[in-house]
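# Topology and contacts: notes
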Amino acid sequence: MEMQITHTADETQESLWDLPPTDIWQRDRLGLCELVVTAPPGFALPKDKTIAISVIGGPSKGLIRRLVKPHVSIGRSGGSADIQVDDQEVSDMHCAVGVKGNIIRLCDLESDSGTYVETRRVSAAPLEHFSEFRIGSSVLLLTVLVAQGGATVVDNRDQFETGEE
């Protein structure tokens, strides 16, 4: 059976096999980023942990947002991203963070200036407690906190996995 791809722009269908390899790669890459943004089945926040993203450098330094859903988009203020930073070098929808079990992933959403973990530009990368990443001129920090008896505390012993599923 031949797989079909539907194009919503012109409502035509064409076979996956008729597309040039670069088109297939672009569609696959976009699909992976959309998975992070739309939270497919299986994505869920851990019940015993709180995950937060803090801006530790750049124009929005001091901004802290706790993840309340297993997928969040990050972008420039005034856009439609879940977490918005006041940084003109950041795209409206710059990157996304997705959580599935104990795995946390960062995905660039084809931003102009890129998403960086350490000094490496990434399209997707694993994150863990105290991971830093950069978008535009902003440096963000991901923290994983463990809830104990109603209080939330940092637990350096129970790190989230970063390996492949």
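Located above this text is the structure these notes cover.
Residues numbered from 1 in each chain as written. Predicted model: local features only at pLDDT ≥ 70, side-chain atom pairs only at ≥ 80, totals over all residues. Heavy atoms only, no water.

A word on the nonpolar core. Membership of the largest hydrophobic core comes to 24 residues, with the highest contact counts inside it found for Ile-53, Ile-74, Val-97, Ile-104, Phe-133, Ile-135 and Leu-142. Among the secondary structure elements, those contributing two or more residues to this core are strand S3 (49-57), strand S5 (71-76), strand S6 (83-85), strand S7 (95-100), strand S8 (103-108), strand S11 (124-127), strand S12 (131-135) and strand S13 (138-148). Contacts of Leu-142, omitting those with residues within four sequence positions, involve Ile-51, Ala-52, Ile-53, Val-97, Ile-104, Leu-127, Glu-128, His-129, Phe-130 and Ser-131. (Core = buried A, V, L, I, M, F, W, Y, C linked by side-chain atoms within 4.5 Å. Buried < 20%, exposed > 50% of the residue type's maximum accessible area, 1.4 Å probe, protein only. Helix = DSSP H or I, 4+ residues; strand = E, 2+ residues; numbered from the N terminus. Contact = heavy atoms within 4.5 Å.)

The next point concerns the environment of Ser-111. In this fold, Ser-111 is placed in the loop between S8 and strand S9 (115-117). Taking the C-alpha atoms as reference points, Ser-111 and Met-93, separated by 18 residues in sequence, lie 7.4 Å from one another. Residue contacts for Ser-111: discarding those within four places in its chain leaves Ser-91, His-94 and Arg-121. Polar contacts involving the side chain of Ser-111 include one to the side chain of His-94, which spans 3.2 Å. (Polar contact = N/O pair within 3.5 Å; in protein donor to acceptor, adjacent residues only side chain to side chain.)

Counting buried residues along S7, five of its six residues qualify, which places the element largely inside the surrounding structure. Pairing of S5 with S7 involves four bridges; the strand directions are antiparallel. For Ile-74, the partnering residue across the bridge sits in S7 and is Cys-95. As paired elements, S7 and S8 share six bridges and run antiparallel to each other. Within S8, the residue paired with Val-97 across the bridge is Leu-106. Where S7 folds back onto S8 in an antiparallel hairpin, the turn is made up of two residues, including Gly-101, whose phi is positive at roughly 65°. (Pairing = 2+ DSSP bridges.)

Further remarks concern the sheet that holds S5. What holds strands together in a sheet is hydrogen bonding between their backbones, with the strands either parallel or antiparallel. An order of S6-S5-S7-S8-S11 is seen for the five strands of this open sheet, with the pairing classed as mixed. Either end of the sheet is taken by a strand with one partner, and the two such strands are S6 and S11. Across this sheet, the average inter-strand angle for adjacent strands is 20°, counted without regard to direction. Pairing analysis gives four bridges linking S8 to S11, with the strands arranged antiparallel. What sits directly across from Ile-104, in S11, is Leu-127. (Axes fitted to C-alpha atoms, helices over the stretch in contact; angles between N-to-C directions.)

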